[in-house]
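# Fold and geometry: a report
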Amino acid sequence: MNAHWPDGQLRAATMAAPGMLEAALDQLPPGAAIYPFFMARGWFVKSALARRLEGRDVRVLDPFGLDPDLPAVAAALIREEAAGRGWELADCHVLMAAHGSARGKAAAASAEDFATRLAPLLGGAGLRCGFVEQAPFLPDLAPGLRERTLCLPFFAMAGDHVRDDVTRGLRDAGFEGPILPALGQAEPVPALIAAALQRASANSASI
């Protein structure tokens, strides 16, 4: 990340580690931008993170999954995978595996909006969303997928959901197509995040 924004002051923290977020915030200047590495503006961003930021002079940016340049990154990954297998995109199908949520609609809405922006970039490939925590569930979709279907995990990290719920769940349901790495692990992502932080910094300086 520093290579893409060498003049920026960057700190990283996971909300799961007690005190780590607060320690990182203490090292940042007033008005610092917070970039939520989440796929949706759901419960974690609007409630859990917001509580931890109360009283702090910070600006919360749009989360990773809402970045306007992210669909192009995903489309490039899909095209590369299809080309490597000798598949024409128009003959392929894409299963976008997302989290979804029983807590509310934000997670599914973010995934569906992303799919709407991604579809025109896929050169005629079909696209469908399946979820881990709500219908349509991924394993239920597997039997009806085309032979040339690849799976795009709409996740920030390759954690338990991608390893177990997506990969193992689809394999157990008979899906034999390629499963790409979590979208947040794509090579262009650090540059994407750095660009978002630079835009935020420039906007702040112009106020």
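Each remark here, short or long, concerns the structure printed above.
Residues numbered from 1 in each chain as written. Predicted model: local features only at pLDDT ≥ 70, side-chain atom pairs only at ≥ 80, totals over all residues. Heavy atoms only, no water.

We now examine the overall build of the protein chain. Helix and strand counts for the protein chain stand at 7 helices and 5 strands. Counted from the first residue to the last, the protein chain has its helices and strands arranged as α-β-α-β-α-β-α-β-α-β-α-α. Against the 2.2 N^0.38 benchmark of 17 Å for 207 residues, the protein chain shows a C-alpha radius of gyration of 18 Å, consistent with a compact globule. The principal-axis extent of the C-alpha atoms belonging to the protein chain is close to 55 × 30 × 25 Å. The buried share of the protein chain, reckoned over its 207 residues, is 41%. Accessible surface, the protein chain: about 10800 Å² in total, of which carbon and sulfur atoms supply 52%. Between the centroid of the 19 positive side chains of the protein chain and the centroid of its 23 negative side chains there is a distance of 4 Å. (Helix = DSSP H or I, 4+ residues; strand = E, 2+ residues; numbered from the N terminus. Rg over C-alpha atoms; globule rule 2.2 N^0.38 Å. Buried < 20%, exposed > 50% of the residue type's maximum accessible area, 1.4 Å probe, protein only. Areas by Shrake-Rupley, 256 points an atom, 1.4 Å probe, with all protein chains shown as cover. Lys, Arg positive; Asp, Glu negative; His and termini not counted. Charge placed at Lys NZ, Arg CZ, Asp CG, Glu CD.)

Of all 6 residues making up strand S3 (residues 93-98), 6 are buried, and the element is well covered by its neighbours. Neither face of S3 is exposed, since His-93, Leu-95 and Ala-97 on one face and Val-94, Met-96 and Ala-98 on the opposite face are all buried. In this sheet, strand S4 (residues 126-131) lies alongside S3 in parallel orientation, the contact comprising 6 bridges. Bridge assignment links Leu-95 to a residue of S4, and that residue is Arg-128. (Pairing = 2+ DSSP bridges.)

Time to look at the packing of aromatic side chains. Tallied over the entire structure, the rule returns 4 aromatic pairs. Centre to centre, the rings of Phe-37 and Phe-64 are 5.0 Å apart; their planes meet at 50 degrees, and the pair counts as tilted. Of the two residues, Phe-37 is situated in the loop between strand S1 (32-34) and helix H2 (43-52) and Phe-64 in the loop between strand S2 (58-60) and helix H3 (70-84); the sequence distance between them amounts to 27 residues. With relative accessibility at 29%, the residue Phe-37 sits in the partly exposed group. Pairing Trp-43 with Phe-44 gives two aromatic rings, centres 4.9 Å apart and planes at 75 degrees, and the pair type is edge-to-face. Phe-44 sits in the partly exposed class, given a relative accessible area of 45%. (Phe/Tyr/Trp six-rings, centres within 6.5 Å; stacked < 30°, edge-to-face > 60°.)

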